[in-house]
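# Coordinate analysis (summary)
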Amino acid sequence: MLSRRSILKASLIASAIVVSPALAESGPAFDTKAFADAQKAGKPILVAIHASWCPTCKAQAPILSELRADPKFKDLVYFVIDFDSQKDLVNRFGVRMQSTLIAFKGEKEEGRSVGDTNRTSIYALVGKSI
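Rules behind the numbers
Residues numbered from 1 in each chain as written. Predicted model: local features only at pLDDT ≥ 70, side-chain atom pairs only at ≥ 80, totals over all residues. Heavy atoms only, no water. Buried < 20%, exposed > 50% of the residue type's maximum accessible area, 1.4 Å probe, protein only. Helix = DSSP H or I, 4+ residues; strand = E, 2+ residues; numbered from the N terminus. Pairing = 2+ DSSP bridges. Expected span 1.5 Å × (residues − 1). Bend = angle between axes of the 7 residues up to and from the residue. Salt bridge = Lys/Arg side-chain N within 4 Å of Asp/Glu carboxyl O. Core = buried A, V, L, I, M, F, W, Y, C linked by side-chain atoms within 4.5 Å. Contact = heavy atoms within 4.5 Å.

The subject of this paragraph is the pairing of strand S3 (residues 100-105). With 5 of 6 residues buried, S3 is to be regarded as a mostly interior element. Relative to strand S4 (residues 108-114), S3 is paired through 6 bridges, and the arrangement is antiparallel. By the bridge assignment, Ala 103 is partnered in S4 with Gly 111. Remark: 2 residues form the turn of the hairpin made by S3 and S4, two consecutive strands paired antiparallel; Gly 106 in that turn has positive phi of roughly 65 degrees.

Moving on, we get to helix H3 (residues 55-69). Look at H3: 22 Å from first C-alpha to last across 15 residues, which is about the 21 Å you get at 1.5 Å a residue. At Ala 61, H3 shows its maximal bend, which comes to roughly 30 degrees, and the proline Pro 62 appears one to four places after that position. Of all the positions in H3, only Cys 57, Lys 58, Gln 60, Ala 61, Ile 63, Leu 64 and Leu 67 are classed as buried.

Moving on: the pattern of salt bridges. Per the counting criterion, the structure on display carries 5 salt bridges. For Asp 75, the salt bridge is made with Lys 74, and the minimal N-O distance between the two is 3.6 Å. The partly exposed category is assigned to Asp 75, whose relative accessible area is 43%. The partner of Lys 108 in a salt bridge is Glu 110, and the shortest N-O contact between them spans 3.7 Å.

Moving on, we get to the nonpolar core. In this structure, Phe 30, Phe 35, Ile 45, Val 47, Ile 81 and Phe 93 are the most contacted members of the largest nonpolar core, which totals 19 residues. Those elements that place two or more of their residues in this core are helix H2 (32-40), strand S1 (44-50), strand S2 (77-82), helix H4 (87-92) and S3. Among residues more than four places away in sequence, those in contact with Ile 45 are Phe 35, Ala 38, Gln 39, Leu 76, Val 77, Phe 79, Ile 102, Ala 103, Phe 104, Gly 106 and Ser 129. In terms of nonpolar packing, the next biggest core, distinct from the first, is built from 15 residues, Phe 73, Leu 101, Ala 103 and Val 126 among them.

Purely geometric stuff here, so don't read any function into it on its own.
Okay, here's the thing in structure tokens:
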């Protein structure tokens, strides 16, 4: 006989197996030199602070993927920083939570958001960098 506890445990394990790899945000890992080069060139830049376990990050992923495919953002330079394994970069950018998006226009930070899953406001944030 299955208890509620064993059913819940099996459900959590199955969710982790199914969800984690498939929905993890894909994108180029942060590269210090590429970031500095993009800043010097005055390019629009988006840095996403992501965690594979974060439901908000998972909700942001399809929006960011769609945004990066939009011709309006064809020149956008995109980087992903892993919240758990890249604490030096998380601290460098003054980030306190995963699901943080930071938009730059060259060397100037144009804006940031934390926990935003609204398509319109994410597009507006990134639009400040163009």
